[in-house]
Each structure stands twice: as structure tokens, then as C-alpha cells.
Amino acid sequence: MIKHIVIAAAAALSLSACAPYMNLGSSELDNARKAVADAKAAGAEKCAPKLQAEAVASLYWAAHEVTERGVHPDENAELIATAIAKANAARAKAAKGCTPEIIKLEGIYFDNDSAKLRPASVATLDKAVATLNRRATIKVEVAAHTDSSGSDAYNLSLSERRAASVRDYLVAHGIDAARLSSKGYGETQPIASNATKKGRAKNRRVELRVMN
């Protein structure tokens, strides 16, 4: 009888000690969930995918920790704080719009109406390799553009092949293929007038768009 009383008392004491934390954890988890949801609504999954993914991962881990018997208040508080901070950063980034950072590649040349890179492009391409090695955590889209000469369909196809050609060069020179994608935009995103030779030359370009 005495043994049962002692066990019951110990259990009650244990629950009493954990209850304030569990209530606080639930409340803080709600704050983290709201922060993640607000960031998602603001477009963070598209505009700040890495930050949003980190926020979600911290939130899920914090929620898991709360369900464990051997809870760790300090660790869980840190996870919740991280989730909220990452989500708020993702929402702030999304609020500024989804314009990616662009690394310009001045000096990429192809044969006429071709995706074959000219030797004069090597210096610029090697600089791009060095930049990607230095910034080893970023992923980029190789984006290629044309001027308005020719049909829309032809220009789109040509730009896609040129983007793939540059991507292949980067991979062949040691950049992890998982960090790279390629996309051709044809003539849809001019940066100068296609009415002049100089303008058309500016529009024929390749750039790296940082995706995270």
C-alpha cells in the first residue's frame, strides 16, 4: 500500500513539473506554426525556399520533441526560436519579391545559330567555375537569352540549347550537377532595344540566377 502511494506521489510530482513546460511548448509551437504559415502565404516557398524549408524542419523537430517523455526545454525552446526566426526571415525576403540574384557572364560567345561555345568564352566560363566553387552552397539556374531575330519558337529552342551547353561546361569542370539547372528564355526578357545591332548584342546573353 505504501509503495503504491509513493509511486502515485512521484507520478503526480513529475506531471506537475512538466505541465508548465508542456503548456508553454504548445503555445510557442502555435506561434511557430503561425510564423511558418504566414511566410508560406507571403510566397516564401517560391521566393525563399531554403529559409522556409529550414523553418519547417525546425518546427517539425520541435513538435516531435514535445511528444517525447524526456523533454529538453532548452533544446526545444531553441528549435522553436529557430523556426520562428527562419520563417520571419523567409517572409521578409518574400515580401521584397522574387527577383533572384543574377551573376552576369560577360563574354559568352556561340557560333552563329548554334549552341557550340567559342574558345573566346573559356575565360568567362572558368571565372564562373571559380565563383561557384567559392560560393559552394548556392544553386543556380543557367539562363540563356536571344535577340528577336527569328521566330519565337526558334529563339526559345536556341536559348534552351545554349543554356544547356553552358551548364554542361560547368559540370565538366567540376561543379556538382545537382547545383545546376538550365533554362532558355528566348527573346522574352530583353534588356535593350532589338531595333539596333548594339541592343541585339546585349540581349544575346547568358547569366546565372541564384536560386537559394
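Cut-offs applied
Residues numbered from 1 in each chain as written. Predicted model: local features only at pLDDT ≥ 70, side-chain atom pairs only at ≥ 80, totals over all residues. Heavy atoms only, no water. Helix = DSSP H or I, 4+ residues; strand = E, 2+ residues; numbered from the N terminus. Buried < 20%, exposed > 50% of the residue type's maximum accessible area, 1.4 Å probe, protein only. Contact = heavy atoms within 4.5 Å. Polar contact = N/O pair within 3.5 Å; in protein donor to acceptor, adjacent residues only side chain to side chain. Salt bridge = Lys/Arg side-chain N within 4 Å of Asp/Glu carboxyl O. Axes fitted to C-alpha atoms, helices over the stretch in contact; angles between N-to-C directions. Parallel < 35°, antiparallel > 145°, perpendicular 65-115°, else oblique. Left-handed = near helix turned anticlockwise from the far one by under 90°. Nonpolar A, V, L, I, M, F, W, Y, C, P; charged D, E, K, R; others polar. Phe/Tyr/Trp six-rings, centres within 6.5 Å; stacked < 30°, edge-to-face > 60°. Lys NZ or Arg CZ within 6 Å of the ring centre and 35° of its normal. 1 Å grid on protein atoms, 1.4 Å probe; cavity = no way out; pocket = protein on both sides within 12 Å on 5 of 7 lines; lining within 4 Å. Points joined across faces, edges and corners; volume = space filled by probe spheres on them. Core = buried A, V, L, I, M, F, W, Y, C linked by side-chain atoms within 4.5 Å.

1. Things to note about the environment of glutamate 101
For glutamate 101, the position within the fold is in the loop between α4 (73-95) and β1 (102-104). A relative accessible area of 40% means that glutamate 101 is categorised as partly exposed. In this structure the C-alpha to C-alpha distance between glutamate 101 and valine 140, which are 39 residues apart in sequence, comes to 9.5 Å. In contact with glutamate 101, not counting residues within four places along its chain, are Arg135, Leu208, Arg209 and Val210. Only 2.8 Å separates the side chain of glutamate 101 from the side chain of arginine 135, close enough to count as a polar contact.

2. A look at the pattern of salt bridges
For the structure shown, the criterion picks out nine salt bridges. Among the ionic pairs, arginine 91 bridges to aspartate 38, the shortest N-O distance being 3.7 Å. Of this pair, arginine 91 sits in helix α4 while aspartate 38 sits in helix α1 (residues 2-41); the two residues are 53 residues apart in sequence, bridging distant segments of the chain. By relative accessible area, aspartate 38 is classed as partly exposed at 26%. Linked through salt bridges whose partners overlap, the residues forming this network are Lys34, Asp38 and Arg91.

3. Things to note about the side chain of aspartate 147
Position of aspartate 147 relative to the elements: it lies in the loop between β2 (140-145) and α6 (152-172). On the basis of relative accessibility, which here comes to 7%, the residue aspartate 147 falls in the buried class. A polar side-chain atom of aspartate 147 sits 2.6 Å from a polar atom in the side chain of arginine 204. Setting aside its immediate chain neighbours within four residues, aspartate 147 contacts Asn155, Glu187, Asn194, Arg200, Asn203 and Arg204.

4. Topic: the packing of helix α5 (residues 122-134) against α6
Where α5 meets α6, the closest approach of the two axes is 10 Å, and the angle between their N-to-C directions is 60°. As the angle between them shows, α5 and α6 are arranged oblique. Between α5 and α6 lies a crossing whose hand is right-handed. Contacts from Val122, Leu125, Asp126, Ala128, Val129 and Leu132 of α5 reach α6 at Val166, Tyr169 and Leu170. Across the contact of α5 with α6, the residue classes tally to eight nonpolar, no polar and one charged.

5. Some thoughts on the packing of aromatic side chains
A full pass over the atoms with the stated rule returns zero aromatic pairs. Looking at arginine 209, its charged tip hangs above the ring of tyrosine 185, at a distance of 4.5 Å from the centre.

6. Here we look at the layout of surface pockets
A probe matching the size of a water molecule, rolled over the atoms, marks out where space remains unfilled. Taken as a whole, the largest pocket spans an internal volume of roughly 670 Å³. Along the wall of the largest pocket there are 27 residues; nearest its centre are Ile108, Ala201, Lys202, Arg204 and Arg205. Elements with a contribution of two residues or more to the lining of the largest pocket: β2, α6, α7 (197-203) and β4 (205-210). For the lining of the largest pocket, the element with the most residues is α6, which contributes four residues. Of the residues that constitute the lining of the largest pocket, the class distribution is ten nonpolar, six polar and eleven charged.

7. A few points about the nonpolar core
Counting residues in hydrophobic clusters, the biggest one holds 21 residues, and the most contacted among them are Leu132, Val166, Leu170, Val206 and Leu208. Contributing elements (two or more residues each) for this core: α5, β2, α6 and β4. If sequence neighbours within four positions are ignored, valine 166 has contacts with Ile108, Phe110, Leu117, Leu125, Val142 and Val206. Leu29, Val36, Ala44 and Ala90 belong to the second-largest nonpolar core, a separate cluster that totals 18 residues.

By themselves, these figures tell us nothing about what the structure is for.
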